[in-house]
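Chain by chain, the residues:
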Amino acid sequence: MSVPGWLPLREELRDEEPYGAPQIDVPVRLNTNENPYGPSAAVADDIAASVRAAALDLNRYPDREALALREVLAGYLSREAAGIDASRVWAANGSNEVMQQILQAFGGPGRTALSFAPTYSMYPEYARNTHTRWVAGQRREDFGLDTATAVALIEAERPDVVFLTSPNNPTGTALDPAHARAVLEAAPGIVVVDEAYAEFRRSGTPSALELLAEFPRLIVTRTMSKAFALAGARLGYLAAAPAVVDALRIVRLPYHLSSVTQATAEAALRHTGELLAQVDALRAERDRTAERLRSLGLDVADSDANFILFGTFEDRHGLWQALVDRGVLIRETGPLGWLRVSIGTPEEMDTFFAALQEVM
Ligand code: PMP
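Quick look at the structure, then. All figures in this text were calculated on a predicted structure; none of them were measured in a lab.

Right, let's get into the sheet that holds strand 3 (residues 112-117). One open sheet holds the seven strands; their spatial order is 2-8-7-6-5-3-4, and the pairing between them is mixed. The sheet terminates laterally at strand 2 (89-92) and strand 4 (133-138), the two strands that pair on one side only. Averaged over all pairs of adjacent strands, the angle between strand axes in this sheet comes to 25°, irrespective of strand direction. Across four bridges, the pairing between strand 6 (residues 190-194) and strand 7 (residues 218-223) is parallel. Bridge assignment links V192 to a residue of strand 7, and that residue is I219. Against the sheet, helix 3 (residues 94-106) touches strand 2, strand 3, strand 5 (161-165), strand 6, strand 7 and strand 8 (236-239), its axis set at about 155° to strand 7.

Okay, here's the thing in structure tokens:
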């Protein structure tokens, strides 16, 4: 992308590209960690009826505080941790917007945000957009956190915001609660645990929600994009202390969450059981995919998410392209030589493996 010289764009944005994986129209799309199972006709009907009711009121602004929705989200999170009510929940257009609001409130000029690479590549972009200094530490070879290194970096950089990701994207690695605790004890500011893929974690893997009561500067973010199969609706949310939620209400745009979005999310949440029913199937397919990749002699990162990082390939771009040529789109991301595949239906995974074996 080239921005014409006459356009008074911020200098540091001149050479930037818009973020995003290629949206290529091929039969098997396993590149953005979407849920391959769309909402059922019954869920779609409920969403349509709820949106119709909201439409009759579209001359009015939506509930600025999205209170009804936050109450339902709090109810959902309460299955995993006690003491979460609407005053501790905040929602926005995707967890992308939630995290940008976090940096608008707690980052900014003269402030620092920090994370541990390889991790979600949007974090540095939120930092750039909010004029927050960005520091990237490194994960271990096995993509876990090295606590001593992490704590030393936090003590040296004194970050205002730390992003931990569990399960981590693109590696699938869940955060060891002892490591989360060490970071929370060392960090002088906000610690965000991004749990976009939490529902896919293996049984026995705890959520950072359990640490909320103990650490008032902890924020746990979630999304309806993955487990709830609602990526198109754009609904992300968080749980935190009420004071954190109030701070975010200062920087949010008025009426940021449309009444159509709120109605859609509330309708979907009435079908939580049905929408989450596919999560177990996807977890089983994930474990099966890991075994199949290993049986091809590949390195596979242990995954608690709905995707798997595998490798390593001398020419990963060539392999990625050869798969695209066979109608299978995966993601060229992560450390050099690795590729990431999202978990699709069993049929989609069979097509992926047939193509992979052909090109390897
Ligand atoms: N966090 C992580 C780790 C992600 O991988 C993603 C999406 N790929 C997001 C947050 C953002 O998701 P959304 O904005 O759809 O909620």
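That covers the picture; the talk isn't over yet.
The subject of this paragraph is the site of the ligand. Surrounding the ligand, one finds 14 residues, the nearest of these being S95, D194, Y197, T223 and S225. Contact distances for the ligand include 2.7 Å between an oxygen atom and a side-chain N or O atom of S95. N169 is positioned such that a nitrogen or oxygen atom in its side chain is 2.7 Å from an oxygen atom of the ligand. Judged by the fraction of its atoms near the pocket grid, the ligand is located in the largest pocket. Ranked by residues supplied to the shell around the ligand, first place goes to helix 3 with four residues. Residues of the shell around the ligand, tallied by class, amount to four nonpolar, seven polar and three charged.

A few words now on unusual backbone geometry. Here A117 and P118 are connected by a cis peptide whose omega angle stands at -5°. N169 connects to P170 through a cis peptide bond whose omega is 15°. With respect to the helices, strands and loops of the structure, P170 is situated in the loop between strand 5 and helix 6 (177-186). Its identity is not glycine, yet R158 carries a phi of approximately 45°, on the positive side. By secondary structure assignment, the location of R158 is in the loop between helix 5 (147-157) and strand 5. Here R158 falls in the partly exposed class, since its relative accessible area comes to 48%.

This next bit is on the nonpolar core. The biggest cluster of nonpolar side chains holds 86 residues, and the ones touching the most others in it are M224, F310, I330 and F352. Setting aside residues no more than four positions away along its own chain, I330 makes contact with L30, N31, F310, W320, L323, L339, R340, V341 and F352. Counting 25 residues, the second largest nonpolar core, distinct from the first, contains M99, Y120, Y123 and A247.

Counted by the stated rule, this structure contains 22 salt bridges. A salt bridge links R128 to E16, with the nearest nitrogen and oxygen atoms 2.4 Å apart. Of this pair, R128 sits in helix 4 (residues 123-129) while E16 sits in the segment before strand 1 (28-29), and the two are 112 residues apart along the sequence. Residue R128 is classed as partly exposed on the basis of its relative accessible area of 21%. The residue D246 makes a salt bridge to R249 at a minimum N-O spacing of 2.7 Å. Of the two residues, D246 and R249 are both situated in helix 7 (residues 242-251); the distance of three residues between them amounts to about one turn of the helix. For D246, a relative accessible area of 40% gives the class partly exposed.

Rules and cut-offs
Residues numbered from 1 in each chain as written. Predicted model: local features only at pLDDT ≥ 70, side-chain atom pairs only at ≥ 80, totals over all residues. Heavy atoms only, no water. Pairing = 2+ DSSP bridges. Helix = DSSP H or I, 4+ residues; strand = E, 2+ residues; numbered from the N terminus. Axes fitted to C-alpha atoms, helices over the stretch in contact; angles between N-to-C directions. Contact = heavy atoms within 4.5 Å. Near = heavy atom within 4 Å. Polar contact = N/O pair within 3.5 Å; in protein donor to acceptor, adjacent residues only side chain to side chain. 1 Å grid on protein atoms, 1.4 Å probe; cavity = no way out; pocket = protein on both sides within 12 Å on 5 of 7 lines; lining within 4 Å. Sits in = over half its atoms within 2 Å of the grid points. Nonpolar A, V, L, I, M, F, W, Y, C, P; charged D, E, K, R; others polar. Buried < 20%, exposed > 50% of the residue type's maximum accessible area, 1.4 Å probe, protein only. Core = buried A, V, L, I, M, F, W, Y, C linked by side-chain atoms within 4.5 Å. Salt bridge = Lys/Arg side-chain N within 4 Å of Asp/Glu carboxyl O.

Note that every value here comes from positions in space, so none of it alone points to a role or purpose.
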